[in-house]
Amino acid sequence: MTDRFTGSFTQQEPIPDEAIEAALAVLRHGRLHRYNVSDGELGETALLEQEFATQTGARYCLAVASGGYAMATAMRAVGVQPGDAVLTNAFTLAPVPGAIASVNARPVFVGVTEELTIDLDDLASKADQAKVLLLSHMRGHLCDMDRLMEICDAEGITVIEDCAHTMGAAWRGVPSGRQGAIGCYSCQTYKHVNSGEGGLLITDNEELAAKAVMLSGSYMLYERHLAAPGPEVFERIKYHTPNVSGRMDNLRSAILRPQLKDLNAQVARWNERYQTLEAGLRDVPGLTVIERPAEESYVGSSIQFLLLDWTPEAVQEAIARCSARGVELKWFGADEPAGFTSRYDSWRYAQSERMPASDRVLTGIVDMRVPLTFSLDDCALIARIIRAEVSAVHQSQL
Ligand SMILES: *Cc1c(COP(=O)(O)O)cnc(C)c1O
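Just so it is clear, the structure is predicted and the values come from calculations on it, not from any experiment.

(A) Representation of the overall build of the protein chain. Helix and strand counts for the protein chain come out as 13 helices and 14 strands. What you see for the protein chain is a C-alpha radius of gyration of 22 Å, in line with the 21 Å of a compact globule of 398 residues. Reported as C-alpha extents along the three principal axes, the dimensions of the protein chain are approximately 70 × 50 × 35 Å. Put simply, the protein chain has 398 residues, and 55% of those count as buried. Partitioning the contacts of the protein chain with sequence separation of at least 6, the portion at a separation of at least 24 is 72%. Only carbon and sulfur atoms are counted for the fraction: they give 49% of the accessible area of the protein chain, which is about 16,400 Å². Measuring between centres, the 36 positive side-chain charges of the protein chain sit 4 Å from its 52 negative side-chain charges.

Structure representation (structure tokens):
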């Protein structure tokens, strides 16, 4: 009964051979800058953008240096000004309020529900405070996107989607990132495709697309894009849009293109692992599994559960016992941010009122990464370990 898990929670799969070959080709010809193309050459970055636009059904796509840069660019493109309020999730990761701060705007945090999605009643009540919502699909949980868009459309709020955890996910079959005015993705190592660093931005709006291209640092070379609007759109904005360099390069694009082609297969592999874990965590007294709505197609690249109304000491004991058996759980309830777990009251540059209902949820959130290097047997073992240790601590609390 004292099995131990010995795998690594931070080890991703290797880069596929096809991507390594493509990267070597770029290294050998040396044209790494996206606009450094030979006669008639399209360039890996322009092709990446064209392919991701097709894959998501978007008219326009821009590849950039990071997910955080994509979000900041989206906010600049929609016209967020210094001092403006921007609505965003209380439950998200630090680069989201950080992107808002980077354009000198002010985050207004919206609460989180027990489903780990944005609290739509709280959003409705704060809708008059801002013209933009930076919606983070944190840990891949999609809220009722129909109701969210209804609220935002009625109030004239522009929605920018942070799809760092929902690349490959959908709401009622619509790819995540396609409901809002702009969808932003991250290609950083811990997300769904891995180029070390990187980001993608999609939109159907020609003006926003042209502004984003100019912002990313295209000088006047925008005609070398394959998923950007025509030159007449650039004519309207090019003298009024600053260059805030944050381009994607051809080396990373070469690594990403084969991975994006494989995305659906990878999503299926993540979900097998997720579902094995979820099944193993059902019916544990004191542990709440997060139920997924039928409208949502998710990517199970991480799993969360709630230890609702547990004392901090009991949560810490359960986590320590799992850790002693090789299972690394992260807790969003600690007073001090640790690693990537922070929450709205950790970001002290942004003032917020306390949200007691959200605090109750945040204090109970336990989070675990699911790298594809885990086998299904690994996932079953991990679930057995969590089950045993959570049950033991829960029992002792009664
Ligand atoms: C990783 C992440 C981002 C930003 O991505 P970077 O590429 O690291 O800048 C944005 N939002 C969430 C929720 C993330 O986890």
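Now that the structure has been shown, the text picks up again.
(B) Broad picture of the environment of L201. Tracing the backbone shows L201 in strand 9 (residues 199–203). Taking relative accessible area as the criterion, L201 reaches 3% and is therefore assigned buried. Between the alpha carbons of L201 and G177 there is a distance of 8.8 Å; along the sequence they are 24 residues apart. Once residues lying within four places of it in the same chain are set aside, the contact partners of L201 are Y60, C61, L62, A70, T73, A74, I182, G183 and A212.

(C) Spotlight on the pairing of strand 9. A large share of strand 9 lies buried, amounting to five of its five residues. The side-chain alternation of strand 9 yields two buried faces, one formed by G199, L201 and T203 and the other by L200 and I202. Direction of pairing for strand 1 (residues 60–64) relative to strand 9: antiparallel, over a ladder of five bridges. In the strand pairing of strand 9, L62 is matched with L201. Alignment of strand 8 (residues 182–186) against strand 9, held across five bridges, turns out to be antiparallel.

(D) The sheet that holds strand 3 (residues 106–110), seen in detail. Taken together, seven strands build an open sheet; the order of strands is 1-9-8-5-4-2-3 and the sheet is mixed. Two strands lie at the open edges of the sheet, namely strand 1 and strand 3, each paired on one side alone. Shown here is a sheet whose adjacent strand axes are inclined to one another by a mean of 20°, direction ignored. As paired strands, strand 5 (residues 158–162) and strand 8 are joined by three bridges and run parallel to one another. By the bridge assignment, E161 is partnered in strand 8 with G183.

Conventions and cut-offs
- Just so you know, the residues in each chain are numbered from 1, in the order the chain's sequence is written.
- The predicted origin of the model limits local features to residues at a pLDDT of at least 70 and limits the giving and counting of side-chain atom pairs to 80 or more, whereas totals for whole chains, interfaces and linings rest on all residues.
- The side-chain values count all of the structure's non-hydrogen atoms but skip hydrogen atoms and water molecules.
- Runs of H or I in DSSP of at least four residues are treated as helices and runs of E of at least two as strands, each being numbered from the N terminus.
- Atoms counted for the radius of gyration: C-alpha only. Globule rule: 2.2 Å times residue count to the power 0.38.
- Only protein chains enter the accessibility calculation, which uses a 1.4 Å probe; a residue whose area is less than 20% of its type maximum is buried, one above 50% is exposed, and one in between is partly exposed.
- Residue contacts are defined here by distance: any two heavy atoms, one from each residue, within 4.5 Å place the two residues in contact.
- For every accessible area listed, the method is Shrake-Rupley and the probe measures 1.4 Å; residues are considered covered only by the protein chains on display.
- The charge count includes Lys and Arg as positive and Asp and Glu as negative, but it does not include His or the ends of the chains.
- The atoms used to mark charge sites are NZ of Lys, CZ of Arg, CG of Asp and CD of Glu.
- Only when DSSP finds a minimum of two bridges between them are two strands counted as paired.
- Here an axis means a line fitted to C-alpha atoms, over the contact stretch when the element is a helix, while the angle between two N-to-C directions is reported on a 0 to 180 degree scale.

As far as function goes, none of this settles anything; it's purely spatial.
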